[in-house]
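Per-entry structural report
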Amino acid sequence: MRRNICLAVCWCALAWSNVTWAQSPFEEIGAQVGLTEPGQAGCPRWFDFEGDGDLDLLRTIRYNNAVELYLNEAGQFTRLDEIGLPTDSDIQSVVPVDFDRDGDVDLFLGGYHTNLLFMVNEGGQFVERAEGLRFDRHQRRPRLFLAGSRRR
């Protein structure tokens, strides 16, 4: 009886997913907007890198160990090359933030098998600057505290 119920639930889920995909309002437009690079995106982030009001795309590529930034120029995306982003790290997490408070977007990058990286945006080039932030980036699980949080 349990097996029959389980099979019925699985069949209903599969049938529902087929109907849902067939009626999906989404359409693949990557080729139309310039996002055709192969690779499995590990951590896409949308943010305004240039400050022009358009959301640009930063993505990590799993199994290729790359971080790529695409500028959005009126709906067309262009990849920026050689701007200091890591090409040999297993980055799984990306947080765009202005941690040096100079008005441009810096990047915090982390992963399972890599050091934490604090990439400071210096005129459009990213430079790793963990040493000035009073924490050991080589520590396996560094303790970070947000402003206003309490230590336990």
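Coordinates for the structure precede this section.
Residues numbered from 1 in each chain as written. Predicted model: local features only at pLDDT ≥ 70, side-chain atom pairs only at ≥ 80, totals over all residues. Heavy atoms only, no water.

Our focus in this paragraph is the sheet that holds strand S6 (residues 93-97). If you walk across this open sheet you meet the four strands as S6-S7-S8-S9, and the pairing is antiparallel. Lying at the two open borders of the sheet, with one neighbouring strand each, are S6 and strand S9 (125-128). Averaged over all neighbouring strand pairs, the angle between strand axes comes to 25 degrees, with direction disregarded. Sheet topology places strand S7 (residues 106-110) next to strand S8 (residues 117-122); three bridges connect them, and they run antiparallel. Paired with Leu107 across the bridge in S8 is Met119. (Pairing = 2+ DSSP bridges. Helix = DSSP H or I, 4+ residues; strand = E, 2+ residues; numbered from the N terminus. Axes fitted to C-alpha atoms, helices over the stretch in contact; angles between N-to-C directions.)

Right, let's get into the packing of aromatic side chains. Scanning all chains against the criterion turns up five aromatic pairs. Ring geometry for Trp46 and Phe77: centres 5.8 Å apart, planes at 70 degrees, overall edge-to-face. Linking Trp46 in strand S2 (residues 45-47) with Phe77 in strand S5 (residues 76-80), this pair joins segments that are 31 residues apart in sequence. Residue Trp46 is classed as partly exposed on the basis of its relative accessible area, which comes to 48%. Assessed through its relative accessible area of 12%, Phe77 is described here as buried. Three or more aromatic residues joined by ring pairs make a cluster, and in this case those are Phe47, Phe49 and Phe126. (Phe/Tyr/Trp six-rings, centres within 6.5 Å; stacked < 30°, edge-to-face > 60°. Buried < 20%, exposed > 50% of the residue type's maximum accessible area, 1.4 Å probe, protein only.)

Attention now moves to the pattern of salt bridges. Under the definition given, this model contains four salt bridges. One salt bridge connects Glu68 with Arg59, and the closest N-O pair in it is separated by 3.2 Å. Arg59 matches Glu68 in its accessibility class, with the two residues each being buried. The salt bridge involving Glu122 is made with Arg129; its shortest N-O contact spans 3.0 Å. Overall, Glu122 belongs to the partly exposed group, its relative accessible area being 38%. Taking the relative accessible area as the measure of exposure, Arg129 reaches 34% and is therefore partly exposed. Several salt bridges share partner residues, and in doing so they unite Arg59, Glu68, Arg79 and Asp81 into one network. (Salt bridge = Lys/Arg side-chain N within 4 Å of Asp/Glu carboxyl O.)

Right, let's talk about the nonpolar core for a bit. Nonpolar side chains in soluble globular proteins tend to end up buried together. By size, the foremost hydrophobic cluster in this structure holds 17 residues, and its most contacted members are Leu58, Leu69, Leu85, Leu107 and Phe126. At the level of elements, strand S4 (66-73), S7 and S8 are the ones that each hand at least two residues to this core. Among the elements that line this core, the one with the most residues is S4, at three residues. Apart from residues lying up to four places away in sequence, Leu107 is in contact with Phe47, Leu58, Leu85, Val94, Val95, Pro96, Val97, Phe99, Leu117, Phe118, Met119 and Phe126. (Core = buried A, V, L, I, M, F, W, Y, C linked by side-chain atoms within 4.5 Å. Contact = heavy atoms within 4.5 Å.)

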